[in-house]
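Residue strings, one per chain:
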Amino acid sequence: MRLAAVLAGFLFALAGCEVAGPVSQPEQVQPVAVAKPAPNTPRTERAIARDFIQAVERLEPVAEQECRRRAPRLNCDFLILVDDRPEQPANAFQTVDDEGRPIIAFTIALIAEARNEDEVAFIMAHEAAHHIENHLEQQRRNATIGAAVFGRLAGARGAGEEAIRTAQEFGAAVGARTYSKDFELEADRLGTIIAAKAGYDPVRGAEFFFRIPDPGDQFLGTHPPNAERVRIVQETAAGL
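All figures in this text were calculated on a predicted structure; none of them were measured in a lab. (Residues numbered from 1 in each chain as written. Predicted model: local features only at pLDDT ≥ 70, side-chain atom pairs only at ≥ 80, totals over all residues. Heavy atoms only, no water.)

S.K.: Go over the state of the cysteines with me, naming the residues and quoting the values.
M.R.: Here the structure, examined in full by the defined rule, presents 1 disulfide. Residue pairing for Cys67: its cysteine sulfur links by disulfide to Cys76, the two sulfurs lying 2.1 Å apart. Its torsion about the S-S bond being -70°, the disulfide of Cys67 and Cys76 is classed as left-handed. (Disulfide = S-S within 2.5 Å.)

Structure below.
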């Protein structure tokens with residue numbers, strides 16, 4: 001990764017990006033005991049960029065080493081990218097390119113919302129864990145199964161071609177999300193291990209969950225409740 005080039009473009013992009021304040025926690029959510037973060041202290045664009053680049057330099061080789069140890073058949077050459085379009089919401093995701101190289105992408109808004117290097121590193125480790133656990137391939141397989149099952153059910157009920165196609169699309173969506181909450185918790189668990197091995201405090205990094213809307217337990221939701229995620233991080237970190 002060309003860090004100097006990333007830094008130059010990163011500072012330019014951040015110049016127009018305002019660091020977000022904390023997101024209010026829904027009252028019904030009772031997170032496990034984690035020290036609540038201090039009021040947000042505005043950081044300079046240079047400090048934000050420095051934290052991100054330092055996290056890449058420290059965590060990327062650890063994530064690749066863990067990937068080779070746990071999943072030697074996968075491509076473990078991570079490529080970490082920044083989506084510098086200022087209108088993009090706070091988000092980070094993991095995907096692969098056409099040749100199977102794993103990509104971890106961050107939007108500027110998410111990097112700006114992170115309050116410290118531990119939070120950046122934990123999010124990065126979480127996304128790397130998705131690849132190591134091969135969650136994308138499992139989701140594709142579940143989506144394929146869901147599409148086939150729902151399509152056959154619609155066909156057995158005498159549905160027309162368009163209705164069968166709609167049923168297949170719905171089945172694919174249901175299949176892809178069937179184990180998504182389990183995948184998130186698995187990534188939190190392994191992400192905690194990776195972040196700790198890179199010298200970060202994953203419990204401090206998980207404080208990011210205090211500032212994002214809690215998904216609760218929605219039907220077909222993709223993420224588990226924030227309190228459950230924090231608990232997994234705490235338990236995993238305590239066992240290291």
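S.K.: How would you explain the packing of helix 7 (residues 180-197) against helix 9 (residues 226-238) if you had to name every residue and give the values?
M.R.: Two numbers describe how helix 7 lies on helix 9: the axes approach to 9 Å, and their chain directions differ by 35°. Remark: the crossing between helix 7 and helix 9 carries right-handed chirality. Each of Glu184, Leu185, Asp188, Arg189, Thr192 and Ile193 in helix 7 lies in contact with helix 9, whose residues at this interface are Glu228, Arg229, Ile232, Val233, Thr236 and Ala237. (Axes fitted to C-alpha atoms, helices over the stretch in contact; angles between N-to-C directions. Helix = DSSP H or I, 4+ residues; strand = E, 2+ residues; numbered from the N terminus. Left-handed = near helix turned anticlockwise from the far one by under 90°. Contact = heavy atoms within 4.5 Å.)

S.K.: Residues and numbers for the packing of aromatic side chains, please.
M.R.: Aromatic rings in a pair are described by how distant their centres are and how their planes are angled relative to each other. Scanning the model with the defined rule gives 1 aromatic pair in all. Residues Phe52 and Phe106 carry aromatic rings whose centres are separated by 5.2 Å and whose planes lie at 80° to one another, so their mutual orientation is edge-to-face. With Phe52 in helix 2 (residues 45-70) and Phe106 in strand 3 (residues 102-107), this residue pair connects regions lying 54 residues apart in the sequence. Classification of Phe106 as buried rests on a relative accessible area of 2%. Cation over ring: Arg58 sits above Tyr200, and NZ or CZ is 4.0 Å from the ring centre. (Phe/Tyr/Trp six-rings, centres within 6.5 Å; stacked < 30°, edge-to-face > 60°. Buried < 20%, exposed > 50% of the residue type's maximum accessible area, 1.4 Å probe, protein only. Lys NZ or Arg CZ within 6 Å of the ring centre and 35° of its normal.)

S.K.: Residues and numbers for the pattern of salt bridges, please.
M.R.: Tallied over the entire structure, the rule returns 14 salt bridges. The shortest N-O distance in the salt bridge between Glu66 and Arg69 comes to 2.8 Å. Separated by 3 residues within a single helix, Glu66 and Arg69 lie in helix 2, roughly one turn from each other. Using a relative accessible area of 3% as the deciding quantity, one classes Glu66 as buried. Between Arg101 and Asp77 there is a salt bridge, and its shortest N-O distance comes to 3.4 Å. With Arg101 in the loop between strand 2 (92-96) and strand 3 and Asp77 in the loop between helix 2 and strand 1 (79-83), this residue pair connects regions lying 24 residues apart in the sequence. Arg101 sits in the partly exposed class, given a relative accessible area of 25%. According to the relative accessible area criterion, Asp77 is partly exposed, its value standing at 37%. (Salt bridge = Lys/Arg side-chain N within 4 Å of Asp/Glu carboxyl O.)

S.K.: Tell me about the confidence of the model for the protein, residues and numbers included.
M.R.: In this model, the protein carries an average pLDDT of 76, and 65% of its residues clear a pLDDT of 70 or more. Between residues 1-38, whose pLDDT stays under 50, and residues either more than four places distant or in other chains, the model counts 68 contacts. Within the model, pLDDT remains below 50 along residues 217-221, and this stretch shows 6 contacts once partners closer than five positions in the same chain are excluded. (pLDDT = per-residue confidence, 0-100.)

S.K.: An account of the sheet that holds strand 3 is requested, with residue identities and associated values reported.
M.R.: Pairing is mixed across the open sheet formed by 3 strands, whose spatial order is 1-3-2. What marks the edges here is a single partner per strand, and that holds for strand 1 and strand 2. Ignoring which end each strand starts from, the neighbouring axes of this sheet average 25° apart. Direction of pairing for strand 2 relative to strand 3: antiparallel, over a ladder of 5 bridges. Along strand 3, the bridge assignment pairs Phe93 with Ala105. (Pairing = 2+ DSSP bridges.)

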